4 protein chains.
Amino acid sequence: MNQYGVNFRLAIWGESHGPQVGITMDGVPAGIPLAEADFEADLARRRSGAAGTTPRREPDLPTIVSGIWNGRTTGAPLTVTFANTNTRSQDYANVERHFRPSHADWVAYRKFDGCNDPRGGGHFSARLTVALVAAGVVAKKMLPEGVRFTTCLTEIGGCNDPARFDEVVRAAAADRDSVGGVVECRVEGVPAGLGEPFFDSVESCVAHLLFSIPAVKGVEFGSGFAGSRMRGSENNDPITDAEGHTRTNHAGGINGGITNGNAVVVRAALKPTPSISRPQETYNLTTGRVEALEIRGRHDACVALRGAVVVEAAVAIALADLLKR
Amino acid sequence: MNQYGVNFRLAIWGESHGPQVGITMDGVPAGIPLAEADFEADLARRRSGAAGTTPRREPDLPTIVSGIWNGRTTGAPLTVTFANTNTRSQDYANVERHFRPSHADWVAYRKFDGCNDPRGGGHFSARLTVALVAAGVVAKKMLPEGVRFTTCLTEIGGCNDPARFDEVVRAAAADRDSVGGVVECRVEGVPAGLGEPFFDSVESCVAHLLFSIPAVKGVEFGSGFAGSRMRGSENNDPITDAEGHTRTNHAGGINGGITNGNAVVVRAALKPTPSISRPQETYNLTTGRVEALEIRGRHDACVALRGAVVVEAAVAIALADLLKR
Amino acid sequence: MNQYGVNFRLAIWGESHGPQVGITMDGVPAGIPLAEADFEADLARRRSGAAGTTPRREPDLPTIVSGIWNGRTTGAPLTVTFANTNTRSQDYANVERHFRPSHADWVAYRKFDGCNDPRGGGHFSARLTVALVAAGVVAKKMLPEGVRFTTCLTEIGGCNDPARFDEVVRAAAADRDSVGGVVECRVEGVPAGLGEPFFDSVESCVAHLLFSIPAVKGVEFGSGFAGSRMRGSENNDPITDAEGHTRTNHAGGINGGITNGNAVVVRAALKPTPSISRPQETYNLTTGRVEALEIRGRHDACVALRGAVVVEAAVAIALADLLKR
Amino acid sequence: MNQYGVNFRLAIWGESHGPQVGITMDGVPAGIPLAEADFEADLARRRSGAAGTTPRREPDLPTIVSGIWNGRTTGAPLTVTFANTNTRSQDYANVERHFRPSHADWVAYRKFDGCNDPRGGGHFSARLTVALVAAGVVAKKMLPEGVRFTTCLTEIGGCNDPARFDEVVRAAAADRDSVGGVVECRVEGVPAGLGEPFFDSVESCVAHLLFSIPAVKGVEFGSGFAGSRMRGSENNDPITDAEGHTRTNHAGGINGGITNGNAVVVRAALKPTPSISRPQETYNLTTGRVEALEIRGRHDACVALRGAVVVEAAVAIALADLLKR
């Protein structure tokens, strides 16, 4: 459903081309200083503009419509909305029944009996992640002082040399194609003891949120898939003191589903943007035939560029919810 | 918490060396034929005995203690328990405060103020997965006819040639060491339309459960991490008919978080068993020093061998819950 | 928390004097025709204007900001907002620390460390019930055809003769006082079989929502408290046919927590509005003394008059959620 | 569903004549001293034996099967089971399709397509309240020191003179009939600030649990239904000090859904036991006719006698869950 969390709960709504996207956060403690300007830094990280990002420009101005009084949170639900201003729905007229490959168009049509809003992907649009970023900002304010996020792209299009990222993206764009990437989020200063056995391990909660992000198709913690190729003697992290510090951190800061006080390390694999401008052969419900589709609209050649802050937001939200239990 | 699900809900309990491990399943439809013998096939897949598996032998006899009448489910909670019979708690006396690396010993001690049951890992033991397997059996009975699971190990210790798996495990065991592996679960016949935007994508729900399994540290769907290294034109799956079939299946049967009618494909990375019998240097709370620990007890050299059916159970449970929404 | 439901889920937000009150509904099926005008009939029943209702006039114009496309619900979250236009916050300056008796002022101040929004009761205001009424309208559209609600006041100020209700309210208002009342909601055509043992009985779910309504202090089903004074032979409802019809309906249409196909009958006791204009002696945190408080602001002499439709909405929401399980 | 709670979560199972009734409690803090003997006092209050209670005698010996180690809770799920020993299923052979009036027999048959366990009411039996009482014992241990419960019957069969209760019950039993009653639970020492707007008011949570108890058909807080007949000037509770103490307590210790530090006072109306031994005319599915039914089995002439401790348990559970948020 469109709600997440136990003690820090989100409800999200909106469509790519509807009047607004919004999120309401329940369980935010009273007394946290908060203004609309506080969202700007993270929203800017998500905003388009760099090479390889969509030419659609949204100002992304957050409006706090509830839960604030005298510049502080009140303990009541905190709701933030974003007006959609820069929509060009006519770009999508041709995809309503000529389904874009690897998009949600066909499943949305099937699941909602053709009543889904198809404009710009409707409710399935990555546009909704703007609301997730807003919730991430609030989540970070709920975490204890000393928690520090370092989030970066470790790979783009299979290349792991950041000096060449721009080149890789431009090459794909020049080919009217797209590339994916891997985002790593590292969180230092997370208190030991977060996470709830059996089903609400830190990995479960973080992955649950990460896999809500439209492009994410893989998630790993610490040594992850590489760790499954090691021996126990290599992958194990010997404990070095009473505070649980470990010599290595192959566990990504989590044992038994519970934070161990070392840095939490998670990586998310983002697929290449499915919207590419080169023609693709795909099924057209109107004609009943497989036909070439040319996607108009405005898209990212590498959605991972703007996705790093969204991944970070998801991790922060999961940790904030676990911290409040 | 120790509960999972919305319309098919589980609650799990028990410890490695307590009297029993159990699970209660809520939301099981009335009228499903069910007997204790129905659990045997999957329990056998999880049972130890093969080379590389623990010498601890548990008969794993399930007892249905509620929710059944005249050989059919009643619609009331279905509860299955497993007595623990073959415990050797004395093996764990030395690890209560001399924390095993990469186990939950230290986090459990910290989170529960030293009141956790340390025998065999207590509630954090992989012993609890026997209950998950039982729930998976019921979940599979709740899925429509025609849903077929194919689950196998695609890698052990980095080797992806099944002909050599046995050799890899024996070599590790001979070195008093352990190896991890990758389990792939492929589900054909899943109806299109399962999954709930925004937060309860199929990937979110499946991953949530998979990361509850003690050894899992990575999860990917379809092309997953490899897909993030492809271009959009390669990774996209063109749709070929009105039923949503696609030419390729890099999406692993899921678009926009919703099943698209193609096979659901998921892989889980299982770390090497942290319990190895060679001595490891790790912190001893009693002496306040880092000292060599020798783990007694009986352990798997490759937990992934017995983990395949657990992964399958987790996938089945997630699908059954989504199907009931 | 500010969320309710399992398969039909609400999240509510807003304050009496903030920019808006809103609600987002998750789990609304796709394809239901819906326009803003559809809310008008029920909103009119809640609107003030009659004798005994507050002079604060809110136009209560609903705005659907998500979940609708081409005049039908889309299956995505349906969000409805109401702007607050007619606020007079200066009326509340004197009650911020001079707590009104039997209001939430003191508990809000205590629970949220003085950071709560005190204007007009903030998030605790009955103003939020406008959003509940909107959700009730949608809930009723989700129920099967043939479900009919009949909701009325059976008592005002202890008087159970509707012909005298107006007189009772005017007398209280003339005394600068207020009166309570009892609302009865009767629902015919409810399918048999709604309700989930053990904890989600129909009574549990309906009462949970009813007790969210600020003024409700008592709830009973069927013969309720009066039934506890009968003998079994009087209170029992003999079944007369295979469809479960009963000769009497002391059970209020619910046995074992499950609807039995007879009319669901529930009554809610609403306390007299605590805001009365006559002076009341109560604690003033600023002076540290008990002192006379004169409540300004604009209030209902009988909140039950406007509460009937709110009670009906709560019942409809609970039934819609149970129906979707 | 058969689960309740957010941070203190219950899952209940079992049938009247199945092998066991059980409950698992999640979220119990680690370190609480607990032994099976601790349940005895409250179980004794629920046990039959007095005049007017069922001749079915169950020893009600609790077995703790998980969550305990060295005499203290471990933080893992705490599971308590009760074996059913004294069942006489043959008593129910005649009611499987000849539905008892005002019992769950017909709705269970309908809802579960005839697959429900009909013996002794199956999962709908008041037998399950033994598990609720066990959870109540644990809940009370989770509440702060100084919280004191006083629970008593204020009415039996419409009589509010405790001196005559025994006589009222005996008279009903002599007539092969039954009587209901009203239970009042008063809790002193509850900290101010429990309860979560908007939907999880203290009243909502307490009532949700109370209406799970099979016989409860009405719930009121403080002055309740009587309060709806008062004027505001009578029903209001003036605050007398900075700690929120009030001169009167018509609110039953709850304002705006939040505890205000005064005693929480709640009353539950329990209907007369529907099982009476005098013949009743009711529908017989086998013959397709309304026919006289004679209920065998062993029943309470006044279930309220044993219900007081169940009501108390429900209140304690709701408060413990709210306290942990």
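Just so it is clear, the model here is predicted, and its values are computed rather than measured.

Novice: Describe the overall build of chain A, listing the residues and the values that go with them.
Specialist: Looking only at helices and strands, chain A has eight helices and 15 strands in total. For chain A, whose C-alpha radius of gyration is 21 Å, the value lies close to the compact-globule estimate of 20 Å for 325 residues. Projecting the C-alpha coordinates of chain A onto the three principal axes gives extents of approximately 65 × 55 × 35 Å. For chain A, buried positions account for 67% of its 325 residues. The averaged location of the 36 negative side-chain charges in chain A is 4 Å from the averaged location of its 34 positive side-chain charges.

Novice: With reference to specific residues and values, describe the packing of aromatic side chains.
Specialist: Applying the stated criterion across every chain, the model contains 20 aromatic pairs over all chains. Considering the side-chain rings of C:Phe198 and C:Phe199, the 5.1 Å spacing of their centres and the 90° angle between planes classify their relative orientation as edge-to-face. For C:Phe199, a relative accessible area of 0% puts it in the buried group. An aromatic cluster of three or more residues is present, and its members are A:Tyr4, B:Phe198 and B:Phe199. Note that B:Lys140 overlies the ring of B:Phe149, its terminal NZ or CZ placed 5.7 Å from the centroid.

Novice: Go over the relation of the copies chain C and chain A with me, naming the residues and quoting the values.
Specialist: When chain C is fitted to chain A, the residual RMSD is 0.0 Å, and the transformation amounts to a turn of 180° plus an axial shift of 0.0 Å. Both chain copies can therefore be described as sitting about a two-fold axis. Proximity to the rotation axis, assessed at the C-alpha, singles out C:Ala11 in chain C; its C-alpha lies 3.4 Å from the axis.

Novice: Describe the interface of chain C and chain A, and please don't skip the residues or the numbers.
Specialist: Accessible area lost on assembly of the parts is the figure often given for the size of an interface. Facing the 37 residues of chain C at the interface are 37 residues of chain A. Together, the buried faces of chain C and chain A total about 3,000 Å²; carbon and sulfur atoms form 62% of this surface. Broken down residue by residue, the surface that chain C buries against chain A is led by C:Met1, C:Gln3 and C:Trp69, which jointly contribute 22%. In this assembly, chain C and chain A are joined by zero salt bridges.

Novice: Mind laying out the interface of chain A and chain B, listing which residues take part and the relevant values?
Specialist: Between chain A and chain B, the contact holds 100 residues from the first and 99 residues from the second. Of all residues in chain A, A:Phe198, A:Phe199 and A:Lys217 give up the largest surface area on contact with chain B, accounting jointly for 12% of the area buried on that side. Linking chain A with chain B are ten salt bridges, by the criterion used here. Its salt-bridge partner being A:Arg231, residue B:Asp175 comes within 2.5 Å of it at the nearest N-O pair.

Novice: Explain the relation of the copies chain A and chain B residue by residue, including any values.
Specialist: Each copy superposes on the other: chain A lies on chain B with an RMSD of 0.0 Å after a rotation of 180° and an axial shift of 0.0 Å. Most of the interface of chain A is mirrored in chain B, where 99% of its interface residues are also at the interface.

Novice: Let's hear about the sheet that holds strand 7 (residues 78-83) of chain C: which residues, and what values?
Specialist: Residues and elements named next belong to chain C. Overall, antiparallel pairing links the five strands, which are arranged 1-2-3-7-4 in an open sheet. A single partner strand is all that each edge strand has here, and the edge strands are strand 1 (3-4) and strand 4 (62-66). For strand 1 and strand 2 (residues 9-14), the ladder comprises two bridges, and the chain directions are antiparallel. Bridging across to strand 2, Tyr 4 finds its partner in Leu 10. Relative to the sheet, helix 3 (residues 129-142) contacts strand 2, strand 3 (20-26) and strand 7, its axis offset from that of strand 3 by approximately 30°.

Novice: Explain the sheet that holds strand 2 (residues 9-14) of chain A to me, using residue names and the numbers behind them.
Specialist: All names here are of chain A. Spatial ordering of the open sheet is given by 1-2-3-7-4, a layout of five strands whose pairing is antiparallel. One side of each edge strand has no neighbouring strand; the edge strands of this open sheet are strand 1 (3-4) and strand 4 (62-66). Here strand 2 pairs with strand 3 (residues 20-26) via six bridges, running antiparallel. Residue pairing for strand 3: Arg 9 is matched across the bridge by Asp 26. Against the sheet, helix 3 (residues 129-142) makes contact with strand 2, strand 3 and strand 7 (78-83), and its axis sits at roughly 30° relative to strand 3, the strand it touches most.

Novice: Lay out the UniProt feature "binding site: NADP(+)" (unreviewed entry) in chain A with the relevant residues and their values.
Specialist: Residue and element names in this part refer to chain A. This chain's UniProt record puts "binding site: NADP(+)" (unreviewed entry) on Arg 46. Note that Arg 46 resides in helix 1 (residues 40-46). Residue class for Arg 46 comes out buried when judged on its relative accessible area of 5%. Filtering out sequence-adjacent residues up to four positions away, Arg 46 remains in contact with Asp 60, Ala 126, Arg 127, Thr 129, Val 130, Val 133, Arg 306, Val 309 and Val 310.

Novice: Describe helix 4 (residues 165-174) of chain D, with residues and values.
Specialist: Residue and element names in this part refer to chain D. Along helix 4, the positions that sit buried rather than exposed are Phe 165, Val 168, Val 169 and Ala 172. Projected onto a plane normal to the axis of helix 4, the buried residues spread over an arc of 95° and lie on a single side. Residues of helix 4 that are buried make contact with strand 8 (148-156) and helix 8 (304-323). Following helix 4 by one or two positions, Arg 176 adopts a phi angle in the positive range, close to 55°.

Novice: So what's going on with empty space enclosed by the protein? Residues and values would help.
Specialist: Under the criterion given, the structure shown has 16 cavities of 30 Å³ or more. Roughly 1,200 Å³ of internal volume is contained in the largest cavity. Considering the residues around the largest cavity, the lining is formed by 40 residues, among which A:Arg9, B:Arg9, C:Gly5, C:Arg9 and D:Arg9 are closest to the centre.

Novice: Please set out the UniProt feature "binding site: FMN" (unreviewed entry) in chain A residue by residue, giving values where relevant.
Specialist: Under the local residue numbering, the UniProt record ascribes the feature "binding site: FMN" (unreviewed entry) to A:His123, A:Phe124, A:Ser125, A:Gly256, A:Lys271, A:Pro272, A:Thr273, A:Pro274, A:Ser275 and A:Arg298. Spatial dispersion of the annotated residues is evident: they stretch over 176 residues in sequence, and the largest pairwise C-alpha distance comes to 43.7 Å. For A:His123, a relative accessible area of 5% corresponds to the buried category. Apart from residues no more than four positions distant in its own chain, A:His123 is found in contact with A:Asn2, A:Trp13, A:Gly14, A:Glu15, A:Leu128, B:Pro197, B:Phe198, C:Ala76 and C:Pro77. In this fold, A:Pro272 is placed in the loop between strand 13 (264-270) and strand 14 (280-284). The exposure class of A:Pro272 is buried, given its relative accessible area of 0%. Residue contacts for A:Pro272: discarding those within four places in its chain leaves A:Ser178, A:Val179, A:Gly180, B:Gly227, B:Ser228, B:Met230, B:Arg231, B:Gly232 and B:Asn235.

Novice: Before we move on, could you go through the state of the cysteines and cite the residues and values that matter?
Specialist: Counting across every chain of the model gives zero disulfides over all chains. Summary of cysteine pairing: A:Cys302 is not part of a disulfide, and the nearest cysteine sulfur, belonging to A:Cys159, is at 11 Å.

Novice: Account for the pattern of salt bridges, naming residues and giving values.
Specialist: Applying the stated rule across the entire model yields 108 salt bridges over all chains. Put simply, A:Asp60 and A:Arg46 hold a salt bridge, and the shortest N to O gap is 3.6 Å. Of this pair, A:Asp60 sits in the loop between helix 1 and strand 4 while A:Arg46 sits in helix 1, placing them 14 residues apart in sequence. Here A:Asp60 matches A:Arg46 in class, with each residue buried. For C:Asp60, the salt bridge goes to C:Arg127, with nearest N and O atoms at 2.8 Å. Taken together, the positions of C:Asp60 in the loop between helix 1 (40-46) and strand 4 and C:Arg127 in the loop between helix 2 (105-111) and helix 3 put the pair 67 residues apart, joining distant regions of the chain.

Novice: Which residues make up unusual backbone geometry, and what are the values?
Specialist: Residue and element names in this part refer to chain A. For the peptide bond that leads from Pro 197 to Phe 198, omega is 0°, which places it in the cis range. Among the structural elements, Phe 198 can be located in the loop between strand 9 (181-188) and helix 5 (202-210). With phi around 55°, Arg 176 is a residue other than glycine that occupies positive phi space. The topology assignment puts Arg 176 in the loop between helix 4 (165-174) and strand 9. On the basis of relative accessible area, Arg 176 is assigned to the partly exposed category, the value being 38%.

Novice: Describe the pairing of strand 14 (residues 280-284) of chain C, and please don't skip the residues or the numbers.
Specialist: Residue and element names in this part refer to chain C. Counted residue by residue, strand 14 has four buried out of five residues, so it is predominantly covered. Across five bridges, strand 14 lies against strand 15 (residues 289-293) in antiparallel orientation. Residue Gln 280 lies in a different strand from strand 15, and its bridge partner there is Leu 293. The hairpin turn running from strand 14 into strand 15, its antiparallel successor, is four residues long, and Gly 288 in that turn takes a positive phi close to 75°.

Novice: Lay out the packing of helix 3 (residues 129-142) of chain B against helix 8 (residues 304-323) of chain B with the relevant residues and their values.
Specialist: Residue and element names in this part refer to chain B. Here helix 3 crosses helix 8 at 45°, and the two axes come no closer than 7 Å. In terms of orientation, helix 3 and helix 8 fall into the oblique class. The chirality of how helix 3 crosses helix 8 is left-handed. Residues Thr 129, Leu 132, Val 133, Ala 135, Gly 136, Ala 139, Lys 140 and Met 142 of helix 3 touch helix 8, and the partners they reach there are Val 309, Val 310, Glu 312, Ala 313, Ala 316, Ile 317, Ala 320 and Leu 323. Taken together, the residues of the contact of helix 3 with helix 8 break down into twelve nonpolar, two polar and two charged.

Novice: Please give an account of the environment of D:Glu281 that cites residues and values.
Specialist: Secondary-structure assignment places D:Glu281 in strand 14 (residues 280-284). Residues D:Glu281 and D:Ala126, 155 residues apart in the sequence, show an inter-C-alpha distance of 24 Å. Those residues in contact with D:Glu281 that sit more than four places away from it in its chain are C:Pro238, C:Arg247, D:Val290, D:Glu291 and D:Ala292.

Cut-offs used in this document
Residues numbered from 1 in each chain as written. Chains lettered and ligands numbered in written order. Predicted model: local features only at pLDDT ≥ 70, side-chain atom pairs only at ≥ 80, totals over all residues. Heavy atoms only, no water. Helix = DSSP H or I, 4+ residues; strand = E, 2+ residues; numbered from the N terminus. Rg over C-alpha atoms; globule rule 2.2 N^0.38 Å. Buried < 20%, exposed > 50% of the residue type's maximum accessible area, 1.4 Å probe, protein only. Lys, Arg positive; Asp, Glu negative; His and termini not counted. Charge placed at Lys NZ, Arg CZ, Asp CG, Glu CD. Phe/Tyr/Trp six-rings, centres within 6.5 Å; stacked < 30°, edge-to-face > 60°. Lys NZ or Arg CZ within 6 Å of the ring centre and 35° of its normal. Least-squares fit on C-alpha atoms with pLDDT ≥ 70 in both. Contact = heavy atoms within 4.5 Å. Buried area = accessible area lost by both parts, 1.4 Å probe. Salt bridge = Lys/Arg side-chain N within 4 Å of Asp/Glu carboxyl O. Pairing = 2+ DSSP bridges. Axes fitted to C-alpha atoms, helices over the stretch in contact; angles between N-to-C directions. UniProt positions renumbered as here; feature names shortened; annotations may be inferred. Arc of directions from axis to C-beta. 1 Å grid on protein atoms, 1.4 Å probe; cavity = no way out; pocket = protein on both sides within 12 Å on 5 of 7 lines; lining within 4 Å. Points joined across faces, edges and corners; volume = space filled by probe spheres on them. Disulfide = S-S within 2.5 Å. Parallel < 35°, antiparallel > 145°, perpendicular 65-115°, else oblique. Left-handed = near helix turned anticlockwise from the far one by under 90°. Nonpolar A, V, L, I, M, F, W, Y, C, P; charged D, E, K, R; others polar.

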